[in-house]
Amino acid sequence: MRFNERELVSLSRQPSELAAELGMRGPKKGDVVKKRLVKLVVNFLFYFRTDEEEPVGALLLEQCRVEKEDSQTFSIAFLDEAERKYVFECDNEEHCKKWIDSINKASYEFMRRNLIYYRTEIHRLTGKDPLEQYGISDETRFQVSNGQQLKARDTSSL
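Residues numbered from 1 in each chain as written. Predicted model: local features only at pLDDT ≥ 70, side-chain atom pairs only at ≥ 80, totals over all residues. Heavy atoms only, no water.

## What about the environment of G26?
Next, step 1: Note that G26 resides in the loop between β1 (18-25) and β2 (34-41).
Next, step 2: Judged by its relative accessible area of 19%, G26 falls in the buried class.
Next, step 3: Setting aside residues up to four positions removed in sequence, G26 forms contacts with D31, K85 and Y86. (Helix = DSSP H or I, 4+ residues; strand = E, 2+ residues; numbered from the N terminus. Buried < 20%, exposed > 50% of the residue type's maximum accessible area, 1.4 Å probe, protein only. Contact = heavy atoms within 4.5 Å.)

Rendered as structure tokens:
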């Protein structure tokens, strides 16, 4: 996926869902833990040197796995490059859990699954498709992966 550098810098300056100084180790062998300002903005995780305003890098939080390594450490690995792992060290266990939860909820796929679930529940309760009024009820992105619309009984798979 391609990104315009100016747009990414602009996005990195937007209000964040979560931000803190964390220890961060990159995916390369021999990388050491460095203090970074880490900001979660929509579905991007930006990281900055603590004394700079522009990000050193950004991770698009799609098709990735977030795992707790120990009580104060979590990692992010991408499904297409599972061996490349970014490791983050938090101040305490509660902080670590908050980061893991926030990152898991930041992905487009998580939001899409929630939309499909709540759409189905509203349809089950009211008999009406809440997306129909916007003319988008038949769009593929709001369907289950095989292109079929969810029926009320299918919500258990979510």
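## Things to note about the pairing of strand β3 (residues 44-49)
Next, step 1: With five of six residues buried, β3 is to be regarded as a mostly interior element.
Next, step 2: Strand direction decides the pairing type here: β2 and β3, joined by six bridges, are antiparallel. Bridge assignment links V38 to a residue of β3, and that residue is Y47.
Next, step 3: With antiparallel pairing between neighbouring strands as the criterion, β2 and β3 make up a hairpin whose turn holds two residues, including V42 at a positive phi of roughly 55°. (Pairing = 2+ DSSP bridges.)

## A closer look at helix α2 (residues 93-106)
Each full turn of the α-helix corresponds to 3.6 residues, which orients residues three or four apart in the same direction.
Next, step 1: Here α2 spans 20 Å end to end across 14 residues, near enough to the 20 Å set by a 1.5 Å rise per residue.
Next, step 2: Those residues of α2 not exposed but buried are H95, C96, W99, I100, I103 and A106. Buried positions in α2, seen along its axis, are confined to an arc of 135° and lie on one side of it.
Next, step 3: Looking at the buried side of α2, the elements it contacts are β1, β2, β3, β5 (64-70), β6 (73-78) and α3 (108-126).
Next, step 4: The N-cap residue of α2 is N92: its side-chain oxygen and the backbone nitrogen of E94 are 3.2 Å apart. (Expected span 1.5 Å × (residues − 1). Arc of directions from axis to C-beta. Polar contact = N/O pair within 3.5 Å; in protein donor to acceptor, adjacent residues only side chain to side chain.)

## Topic: the packing of α2 against α3
Next, step 1: Viewed as axis vectors pointing N to C, α2 and α3 meet at an angle of 70°, and their least axial separation amounts to 5 Å. Judged on the interaxial angle alone, α3 and α2 are roughly perpendicular. Along its contact with α2, which presents N104, K105 and A106, the element α3 presents Y108, F110 and M111.
Next, step 2: Tallied by class, the residues present in the contact of α2 with α3 amount to four nonpolar, one polar and one charged. (Axes fitted to C-alpha atoms, helices over the stretch in contact; angles between N-to-C directions. Parallel < 35°, antiparallel > 145°, perpendicular 65-115°, else oblique. Nonpolar A, V, L, I, M, F, W, Y, C, P; charged D, E, K, R; others polar.)

## Details of the pattern of salt bridges
Next, step 1: Within this structure, the stated rule accounts for ten salt bridges.
Next, step 2: Across the salt bridge formed by E93 and K68, the nearest N and O atoms sit 3.1 Å from each other. Pair noted here: E93 is in helix α2 and K68 is in strand β5, with a separation of 25 residues, a long-range link.
Next, step 3: Judged by its relative accessible area of 40%, K68 falls in the partly exposed class. (Salt bridge = Lys/Arg side-chain N within 4 Å of Asp/Glu carboxyl O.)

## Quick look at the state of the cysteines
Next, step 1: Applying the stated criterion across every chain yields a total of zero disulfides.
Next, step 2: With no disulfide partner, C90 has as its closest neighbouring cysteine sulfur the one in C96, 4.3 Å distant. (Disulfide = S-S within 2.5 Å.)

## Brief notes about the sheet that holds strand β4 (residues 57-60)
Neighbouring strands of a sheet are bound in pairs by backbone hydrogen bonds; such pairs are parallel or else antiparallel.
Next, step 1: What the seven strands build is an open sheet, ordered β4-β3-β2-β1-β7-β6-β5; its pairing is antiparallel. With partners counted over all chains shown, the strands left at the sheet margins are β4 and β5, one partner each. Within this sheet the neighbouring strands show an average axis-to-axis angle of 35°, counted without direction.
Next, step 2: Pairing between β5 and β6: six bridges, direction antiparallel. Of the residues in β6, the one forming a bridge with D70 is T73.
Next, step 3: Together, β2 and β3 form the strand contacts of helix α1 (residues 5-12), whose direction differs from that of β3 by roughly 85°.
Next, step 4: Packing against the sheet, α2 makes contact with β1, β2, β3, β5 and β6, and its axis sits at approximately 105° to β1.

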